[in-house]
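Single-letter residue listing:
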Amino acid sequence: MQVWKFGGTSVGKPERMHSIKNLITEDGNRKIVVLSALSGTTNALISIGESLKANNDAEATQKINELYAHYESFIKELYSTEAGYAEGKAIIEKEFSFIRSLVNIKPFSVKQEKEIVAEGELLSTQMFEAYLREEGVSAALLPALDFMLIDADNEPVLKFTEEKLGSILSQLTDKQIFITQGFICRNPRGEVDNLKRGGSDYTASLIGGAIVAEEVQIWTDIDGMHNNDPRIVKKTFPIRELTFEEAAELAYFGAKILHPSTITPAKMKGVPVRLKNTMEPAAYGTLIADKTSDREIKAIAAKDNLTAIYIHSTRMLNAYGFLRRVFEVFEKYKTPVDMITTSEVSVSVTIDNDEHLEEIMAELRQFADLEECDKDQTIVCIVGNFSADKEGIALKVLEAMKNIPIRMICYGASEHNITLLIHGKNKAAALNALNERCFLYEDAMKEIFSAP
């Protein structure tokens, strides 16, 4: 069995849902299909929640009515029979009745915030499963809230998913297509919760790992993970193959097509992940697996809005325990560090969450000297096969960056990553310079991305 995930743009119009039906039924194989909310819905639901939190009930009601009108129009084009339309109408009436009921709950708490955001996936999956049945497809709805659970640290409980989902599937052996929600789950209190934004990818990987799927396919509106940011760099191309480690680096450091946590469960169970394009289904896409091509530099990604912290202390020289004290401060405030470089008497780190920056700085000053933080920083991550016997890779990267100031460099911590810290204003120049120096478009296309 395979697991296929479709994002918001892939299900954002009735004709897109029609196309997905053809895609998932074409080969006749059984598969679990994970759906996001219709494009724009999650933002609309968050906006409704913000109005309710501000006790602006009239504004919230207006927003609810506008979103309901969109769904009413949507189902008129989705279904082709009166019976199908009637079922679709019943689905949106039920879910919007719940959304409207939240207007009367005071105060509007975090619990209600998470419940309202979950409505996007609950709507899209019920509507699509009803459409499949209208078309005569052997389909069943698998409510994610029955088998997706996070623990007290907001981490998915994979064993729970394995047991619950395995039991559910064993009772539905006559069905071909299973539809379930991405993103949403339950927390240890049994309340509706979620895997954070972009979590539908994570859901697909968790399910793929839980059932040890043949393959997890992430379907979006572009043809795989590109070698650079196509919004900034003109000549980019899809990467044919990546290792799990390379894909993880790219996802974490800014490649928008993939949620950073997605591939971890799949990697644990050895399940390949393929990125595909719903607009070009015949395209090869990007395959993420244990093995890949031997090309040195595969791709470049960038992560914005970082803060760099510079810590100095002569007590660090020939001492042990200093770095432990530094990182205990970040651990205390649950603030992850993205990048770290050290010298004899200093350590520099970057963080992407500055919510507790002032508290962190205050505690660090108790045992070290600090420079003023640099904000609006960008990490540029160059990913590929950088094993110790490779020559000239760092030189190629630094030559490309010769006209761009670099604040920090990290090389050698991983065989797959060279990381540079620059000011955000230089991001576009850096990505274009690296693209020009590290990739020769025509050769790359011929070497790696020819049809299999």
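Quantities reported herein were computed from a predicted structural model and do not represent experimental measurements.

Draft legend 1. Structural detail: the packing of aromatic side chains. All told, the structure shown has nine aromatic pairs when counted by the stated rule. Above the plane of the ring of Tyr68 lies Arg100, whose end atom (NZ or CZ) is 5.1 Å from the centre. Above the face of the Tyr284 ring, Arg274 is positioned so that its terminal group lies 5.0 Å from the ring centre.

Draft legend 2. Representation of the nonpolar core in the model. Judged by nonpolar contacts, the single largest core of 99 residues is most densely connected at Phe6 and Met127. It is helix α5 (residues 110–134) that contributes the most residues to this core, 10 residues altogether. Contacts of Phe6, omitting those with residues within four sequence positions, involve Val11, Ile20, Leu23, Ile24, Val33, Val34, Leu35, Ser36, Trp219 and Thr278. If you look at the next biggest cluster of nonpolar residues, it comprises 21 residues, including Phe237, Ala302, Ile393 and Ala400.

Draft legend 3. Layout of the sheet that holds strand β4 (residues 177–181). Here we have eight strands laid out as an open sheet, ordered β3-β4-β2-β1-β7-β9-β10-β8, and mixed in their pairing. Two strands close off the open sheet at either side, each with one partner strand: β3 (139–142) and β8 (241–243). For this sheet, the mean angle separating the axes of adjacent strands, direction not counted, is 20 degrees. With four bridges joining them, strand β1 (residues 2–6) and strand β7 (residues 216–220) adopt parallel strand pairing. Its bridge partner lying in β7, Val3 is registered against Val216. Its contacts with the sheet put helix α1 (residues 14–25) on β1, β2 (31–35), β4 and β7, and the angle it makes with β1 is roughly 165 degrees. Here helix α6 (residues 158–170) sits on the sheet and contacts β2, β3 and β4; the angle it forms with β3, its principal contact strand, is near 155 degrees.

Draft legend 4. Representation of the packing of helix α2 (residues 41–53) against helix α3 (residues 57–78) within the structure. Remark: α2 packs on α3, axes separated minimally by 8 Å, with the N-to-C direction vectors making an angle of 160 degrees. Classified by the angle their axes make, α2 and α3 are roughly antiparallel. Judged by the sense of rotation from one axis to the other, the crossing of α2 with α3 is left-handed. Where α2 approaches α3, its residues Thr41, Ala44, Leu45, Ser47, Ile48, Ser51 and Leu52 are matched on the opposing element by Asp57, Glu59, Ala60, Lys63, Ile64, Leu67 and Tyr71. Its residues assigned to classes, the contact of α2 with α3 shows eight nonpolar, three polar and three charged.

Draft legend 5. Spotlight on the pairing of strand β10 (residues 286–289). Residues of β10 alternate between two faces, with Thr286 and Ile288 on one and Leu287 and Ala289 on the opposite face, all of them buried. Across three bridges, the pairing between β8 and β10 is parallel. Considered in β10, the bridge of Glu241 is made with Leu287. Bridge count between strand β9 (residues 273–277) and β10: three bridges; the pairing is antiparallel.

Draft legend 6. Representation of α2 in the model. An ideal rise of 1.5 Å per residue puts 18 Å on 13 residues; α2 measures up with 18 Å between its terminal C-alpha atoms. Thr41, Thr42, Leu45, Ile48, Gly49, Ser51 and Leu52 are the residues of α2 that are buried. Among the residues trailing α2, Asn55 stands out with phi positive, at a value near 60 degrees.

Rules of the game
- Residues numbered from 1 in each chain as written.
- Predicted model: local features only at pLDDT ≥ 70, side-chain atom pairs only at ≥ 80, totals over all residues.
- Heavy atoms only, no water.
- Phe/Tyr/Trp six-rings, centres within 6.5 Å; stacked < 30°, edge-to-face > 60°.
- Lys NZ or Arg CZ within 6 Å of the ring centre and 35° of its normal.
- Core = buried A, V, L, I, M, F, W, Y, C linked by side-chain atoms within 4.5 Å.
- Buried < 20%, exposed > 50% of the residue type's maximum accessible area, 1.4 Å probe, protein only.
- Helix = DSSP H or I, 4+ residues; strand = E, 2+ residues; numbered from the N terminus.
- Contact = heavy atoms within 4.5 Å.
- Pairing = 2+ DSSP bridges.
- Axes fitted to C-alpha atoms, helices over the stretch in contact; angles between N-to-C directions.
- Parallel < 35°, antiparallel > 145°, perpendicular 65-115°, else oblique.
- Left-handed = near helix turned anticlockwise from the far one by under 90°.
- Nonpolar A, V, L, I, M, F, W, Y, C, P; charged D, E, K, R; others polar.
- Expected span 1.5 Å × (residues − 1).

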